[in-house]
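Residue-level structure breakdown
Now for the letters of each chain:
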Amino acid sequence: MLEKVRENLDATADELINKTSWPTWDELQSSAIVTLVAALIIALIIFIVDTAFDNLFQAFYSFTK
């Protein structure tokens, strides 16, 4: 059993060291910026939709009182 665990760890280490292509610092920074901009845009869309539904339900509830 321990031999299988050892083989798995060796294979994992080999994969991470020899077969994985790691991004350069510039690629990492540009990917982080793209991710940040996308997250901000999605947050803005959710805020707008949430505000619109809030106003819609406020109007609906004011008619039902």
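Coordinates for the structure precede this section.
Reading the values: rules and limits
- For every chain, the first residue of the written sequence is number 1, and numbering continues from 1 along that sequence.
- Owing to the predicted nature of the model, reporting of local features is limited to residues with pLDDT of at least 70; listing and counting of side-chain atom pairs is limited to 80 or more, with chain, interface and lining totals taken over all residues.
- Each side-chain value is worked out from all heavy atoms of the structure, with water and hydrogens disregarded.
- By convention in these notes, a salt bridge is any Lys or Arg side-chain nitrogen within 4 Å of a carboxyl oxygen on Asp or Glu.
- Only runs of H or I of at least four residues qualify as helices and only runs of E of at least two qualify as strands under DSSP, and these elements are numbered from the N terminus.
- Buried means the residue's accessible area, taken with a 1.4 Å probe over protein chains only, is under 20% of the maximum for its type, while exposed means over 50%, and partly exposed covers the values in between.
- Any two of the Phe, Tyr and Trp rings considered here, Trp counted by its six-membered ring, make a pair once their centres fall within 6.5 Å; the pair's planes then place it as stacked at under 30 degrees, edge-to-face at over 60, or tilted in between.
- Candidate patch residues must exceed 30% relative accessible area and have no salt bridge, after which like charges are joined if within 9 Å and Val, Leu, Ile, Met, Phe, Trp or Tyr side chains if within 5 Å.
- Working definition of accessibility: Shrake-Rupley area with a 1.4 Å probe, residue cover restricted to the visible protein chains.

With that settled, consider the pattern of salt bridges. Using the criterion set out here, one finds two salt bridges in the structure. With a shortest N-O distance of 3.7 Å, Asp 10 and Arg 6 are connected by a salt bridge. Of this pair, Asp 10 and Arg 6 are both found in helix H1 (residues 2–19), four residues apart, which corresponds to roughly one turn of the helix. Overall, Asp 10 belongs to the partly exposed group, its relative accessible area being 40%.

Looking now at the environment of Leu 44. With respect to the helices, strands and loops of the structure, Leu 44 is situated in helix H2 (residues 25–64). For Leu 44, a relative accessible area of 51% puts it in the exposed group. In this structure, the C-alpha to C-alpha distance between Leu 44 and Pro 23, residues 21 residues apart in sequence, is 29 Å.

On to the packing of aromatic side chains, then. Going through the model one piece at a time under the given rule, you end up with three aromatic pairs. Between Phe 57 and Tyr 61, the aromatic rings sit 6.2 Å apart at their centres with planes inclined by 25°, giving stacked as the arrangement. Taken together, the residues span about one helical turn, with Phe 57 and Tyr 61 both in helix H2 at a distance of four residues. For Phe 57, a relative accessible area of 41% puts it in the partly exposed group. The class of Tyr 61 is partly exposed, set by a relative accessible area of 48%. Here the aromatic cluster, defined as three or more aromatic residues joined through ring pairs, consists of Phe 53, Phe 57, Phe 60 and Tyr 61.

Judged by side-chain polarity, Ile 33, Val 37, Ile 41, Ile 45, Val 49, Phe 53, Leu 56, Phe 57, Phe 60 and Tyr 61 come together as a nonpolar surface patch covering roughly 990 Å² of accessible area. Looking at the element boundaries, Phe 60 is found in helix H2.

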